[in-house]
Amino acid sequence: MNPNPRQEGMLALVKTRGSVSVETLAEHFGVTLQTARRDVRLLCDAGMLARFHGGARVPSSTTENIAYRQRQLLNDDAKRRIARAAAQALPDGCSLILNIGTTTEAIAHELLKRKGLRVITNNLNVAAILSDNPDCEVIVAGGVVRGRDRGIVGEATVDFIRQFKVDIGLIGISAIEDDGTLRDFDYREVKVARAILEHSREVWLAADHSKFNRPAMVELGRLEQVDRLFTDQPPPPPFAHLLAEAGVQCVVAGGGADESGDKA
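Just so we're clear, the structure is a prediction, and the values are computed from it rather than from any experiment.

*Asks:* How should the environment of Pro 215 be read in this particular structure?
*Replies:* Tracing the backbone shows Pro 215 in the loop between strand 12 (200-206) and strand 13 (218-222). Judged by its relative accessible area of 17%, Pro 215 is buried. Residues Pro 215 and Ile 176 lie 39 residues apart in sequence; the distance between their C-alpha atoms is 7.7 Å.

*Asks:* Looking at this model, I keep getting lost on helix 1 (residues 5-17). Mind explaining?
*Replies:* End to end, helix 1 covers 18 Å across 13 residues, agreeing with the expected 18 Å (1.5 Å per residue, within 8%). Taken together, the buried positions of helix 1 are occupied by Gln 7, Met 10, Leu 11, Leu 13 and Val 14. Down the axis of helix 1, the buried side of the element spans an arc of 165 degrees, and every buried residue falls inside it. When the buried face of helix 1 is taken as reference, the exposed residues oriented beyond 90 degrees from it are Pro 5 and Thr 16. Looking at the packing, one finds that the buried side of helix 1 touches strand 1 (19-21), helix 2 (22-29), helix 3 (33-45) and strand 3 (55-57). Of the residues flanking the start of helix 1, the one acting as N-cap is Asn 4, its side-chain oxygen 3.1 Å from the backbone nitrogen of Arg 6. Gly 18 lies just past helix 1 and shows a positive phi near 90 degrees.

*Asks:* How should the pattern of salt bridges be read in this particular structure?
*Replies:* Charged atoms that come close allow side chains of opposite charge to pair. Counted under the stated rule, the structure contains 19 salt bridges. The shortest N-O distance in the salt bridge between Asp 92 and Arg 114 comes to 2.9 Å. On the criterion of sequence distance, the pair formed by Asp 92 in the loop between helix 5 (76-89) and strand 4 (95-98) and Arg 114 in the loop between helix 6 (102-110) and strand 5 (117-121) is long-range, its members being 22 residues apart. According to the relative accessible area criterion, Arg 114 is buried, its value standing at 16%. Between Glu 137 and Arg 118 there is a salt bridge, and its shortest N-O distance comes to 2.6 Å. Of this pair, Glu 137 sits in strand 6 (residues 136-140) while Arg 118 sits in strand 5, and the two are 19 residues apart along the sequence. On the basis of relative accessible area, Glu 137 is assigned to the partly exposed category, the value being 37%. By relative accessible area, which is 44% here, Arg 118 ends up partly exposed. Linked through salt bridges whose partners overlap, the residues forming this network are Arg 146, Arg 148, Asp 149, Asp 186, Arg 188 and Glu 189.

*Asks:* When you look at the sheet that holds strand 11 (residues 181-184) in this model, what are you seeing that I'm missing?
*Replies:* Whenever strands of a sheet pair, they do so through backbone hydrogen bonds, lying parallel or antiparallel. The sheet built from 3 strands is open, its strands ordered 10-11-13 with antiparallel pairing. Because the sheet does not close on itself, it has two edges, and the strands there are strand 10 (175-176) and strand 13. Inspection of the sheet shows strand 11 paired to strand 13 by 4 bridges, in the antiparallel sense. Each residue of the ladder has a partner; that of Thr 181, found in strand 13, is Arg 222. Lying over the sheet, helix 9 (residues 187-198) contacts strand 11 and strand 13, oriented at roughly 10 degrees with respect to strand 13.

*Asks:* Just to check I follow, could you spell out the pairing of strand 11 for this structure?
*Replies:* For a regular strand, side-chain orientation follows a simple rule: the groups alternate between the two sheet faces. Residues Thr 181 and Arg 183 line one face of strand 11 and the alternating positions Leu 182 and Asp 184 line the opposite face, and both faces are buried. Bridge count for strand 10 against strand 11 is 2 bridges, and the pairing is antiparallel. Note on strand 11: the bridge partner recorded for Ile 176 is Leu 182. From the end of strand 10 to the start of strand 11, which pair antiparallel, there are 4 residues, and Gly 180 there has a positive phi angle of about 85 degrees.

*Asks:* Help me understand the confidence of the model for the chain, please; the structure alone is not making it clear to me.
*Replies:* Interpretation of this model should avoid reading the predicted coordinates in detail wherever pLDDT is low. Of the residues in the chain, 90% reach a pLDDT of 70 or more, and the chain-wide mean stands at 88. Residue range residues 61-66 is modelled with pLDDT below 50. Its contacts to residues more than four positions away, or to other chains, number 16 contacts. Taken as a whole, residues 256-264 scores under 50 in pLDDT and shows 24 contacts with residues more than four places along the chain or in a different chain.

Thresholds applied
- Residues numbered from 1 in each chain as written.
- Predicted model: local features only at pLDDT ≥ 70, side-chain atom pairs only at ≥ 80, totals over all residues.
- Heavy atoms only, no water.
- Helix = DSSP H or I, 4+ residues; strand = E, 2+ residues; numbered from the N terminus.
- Buried < 20%, exposed > 50% of the residue type's maximum accessible area, 1.4 Å probe, protein only.
- Expected span 1.5 Å × (residues − 1).
- Arc of directions from axis to C-beta.
- Contact = heavy atoms within 4.5 Å.
- Polar contact = N/O pair within 3.5 Å; in protein donor to acceptor, adjacent residues only side chain to side chain.
- Salt bridge = Lys/Arg side-chain N within 4 Å of Asp/Glu carboxyl O.
- Pairing = 2+ DSSP bridges.
- Axes fitted to C-alpha atoms, helices over the stretch in contact; angles between N-to-C directions.
- pLDDT = per-residue confidence, 0-100.

Put into structure tokens, the structure is as follows:
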């Protein structure tokens, strides 16, 4: 397939944002929904994009994540808005765990002026950021340092996390599938994240819109294990129903809060 100029523009927009709804594409390029859907279908059939319900996303492997440097640039504004919302919700003087990911790193930046926090992390980037806050105690997990993103993983990391019971486990995620599963790519990283879920009194999930309907190989957990979700756009179908059914409070950063249910 040789994309026309409009289709090339659509490709560029989806690559920049990670995923885009058909409605957004139609509005952005000044075409009808029918035309936008046809363009998306052609681009997906050619393997240039991947279709999900109501939109298109960057094609991705179920076994390998996007490169770390590329992830730092993807949806940067969305991640900053999510980070501000999550940081504002965190009370001073609480204990929390922040895991691996560019969204949790954005949250760390937003915590630089907070007081009395005790933060456990298996993310050397988070530790370096928060070390600039003299009113924050940072505890770094032991384990194997993964060079590509400075995440710390392995059995030693899992054992380290299991020593604690924190107020809030605030985690990033690679994928949320439409069966309610939370997924990631690295089994070692997933084992650490599972330990965080088990050793947190509340679990908060930070995920931008591109994480919905994205495939990944390893199951980390389920929405039922999450208390709050911080995202940047109202979740697409069927996720609003899944969140309500799971009793997850959904906070749409920059757009108010959508109370999707209270956990018992």
